[in-house]
Amino acid sequence: MSGHSKWHNIQGRKNAQDAKRGKIFQKIAHDLYVAAKAGGADPDMNASLRLVVEKAKAANMPKENIQRALDKASGANGAKFEEVTYEGYGTAGVAVLVEASTDNINRTVSSVRNSFKHAGGALGTSGSVAFQFDRRGYLAIDRSAFPDLDEDTILEAALEAGAEDVQTSDDVFEIYTEPADFQSVESALTEAGYVFEEAEVTMIAQNPMDISEEDREKLDKLVDELEENEDVLAVYTTAD
């Protein structure tokens, strides 16, 4: 893995989103969907899902929102959703990857295309930007929660659990896994007593790029509009 820290991007987005309760619920709904898809919609049988459900309750997310995300993942109540990925470019040539789950492809692609247009970007063809991202399992441990935990200890524990890499900074231990190993690594480290600030299978830009503040504002407008779409599960960009 490169020396790029996903944690800094997460923290930057969180600072902008903290005042937007809907955005927090959208992120949790995404995590619920992904965890339920990967390990089943029963929290008692899915440790990853159980952690996200607890996070949802702590954020006072309505029960119906939680159930809607689980129904989407499991196809309960006759729900038939198709997972789709849209690719395009935002301002300054930043690559944008949009993951969605929809029961109406035409509605969703039209909405996503309009969001790109509104922000001066353009929806691309399949494969146009996906090669710029890697899918990885990602777990972040806030060092302030474990002041006595040293790098060698977490590195040994993570690698023994099956992790691929560990990056250390002053504030966080960032653990990366192969997507297929994510659940087993998360379960093993949870059983060992570690608590994660972030735990997800995500897309990570191979070569994050710096952009100006003006371009950042335009890109944030695009990301915000996409995230407000109920069909959208996650938005990834190559902007640092």
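Rules of the game
Residues numbered from 1 in each chain as written. Predicted model: local features only at pLDDT ≥ 70, side-chain atom pairs only at ≥ 80, totals over all residues. Heavy atoms only, no water. UniProt positions renumbered as here; feature names shortened; annotations may be inferred. Pairing = 2+ DSSP bridges. Helix = DSSP H or I, 4+ residues; strand = E, 2+ residues; numbered from the N terminus. Core = buried A, V, L, I, M, F, W, Y, C linked by side-chain atoms within 4.5 Å. Buried < 20%, exposed > 50% of the residue type's maximum accessible area, 1.4 Å probe, protein only. Contact = heavy atoms within 4.5 Å. Axes fitted to C-alpha atoms, helices over the stretch in contact; angles between N-to-C directions. Expected span 1.5 Å × (residues − 1). Arc of directions from axis to C-beta. Polar contact = N/O pair within 3.5 Å; in protein donor to acceptor, adjacent residues only side chain to side chain.

Looking at an unreviewed UniProt entry, the protein carries the name Probable transcriptional regulatory protein LES8486_00117, with the source organism given as Leuconostoc suionicum. What UniProt states about the protein under its Sequence similarities (unreviewed entry) heading is, verbatim, "Belongs to the TACO1 family." Looking at the Subcellular location (unreviewed entry) heading of the UniProt record, one finds this comment for the protein: "Cytoplasm".

(A) Examining the pairing of strand E1 (residues 82-89) more closely. Summarising the sheet, E1 and strand E2 (residues 95-102) pair through eight bridges and their orientation is antiparallel. In the strand pairing of E2, Tyr 89 is matched with Ala 95. Counting the residues between successive antiparallel strands, the hairpin from E1 to E2 contains five residues, one of them, Ala 92, with a positive phi of roughly 60°. Judged from the two bridges that link them, E1 and strand E3 (residues 122-123) form a sheet pairing that is antiparallel. In the sheet register, Tyr 89 faces E3, and the bridge partner there is Ala 122.

(B) Representation of the nonpolar core in the model. Counting residues in each nonpolar core, the largest one holds 18 residues, and the members touching the most others are Tyr 86, Val 96, Val 98, Phe 116, Leu 219, Leu 222 and Leu 226. Those elements that provide at least two residues to this core are E1, E2, helix H5 (105-118), helix H8 (213-227) and strand E8 (232-237). With four residues, the top contributor of residues to this core is H8. If sequence neighbours within four positions are ignored, Leu 222 has contacts with Gly 90, Val 96, Ser 115, Phe 116 and Ala 119.

(C) Focus on the sheet that holds E1. Spatially, the four strands line up as an open sheet ordered E3-E1-E2-E8, and their pairing is antiparallel. Looking along the sheet, the strands with just one partner apiece sit at the ends: E3 and E8. Contacts between H5 and the sheet are confined to E1, E2 and E3, with E1 contributing the most and set at about 20° to the helix.

(D) Here's a closer look at H5. Over its 14 residues, H5 runs 20 Å from end to end, which matches the ideal 20 Å to within 8%, given 1.5 Å per residue. All of the buried residues along H5 are Thr 108, Val 109, Val 112, Ser 115 and Phe 116. Looking down the long axis of H5, one finds its buried residues gathered within 125° of arc, a one-sided arrangement. Opposite the buried face of H5, at more than 90 degrees from it, the exposed residues are Asn 106 and Lys 117. Summarising the contacts, the buried residues of H5 are in contact with E1, E2, E3 and H8. Backbone nitrogen of Asn 106 and a side-chain oxygen of the N-cap are separated by 3.3 Å at the start of H5; the cap is Asn 104.

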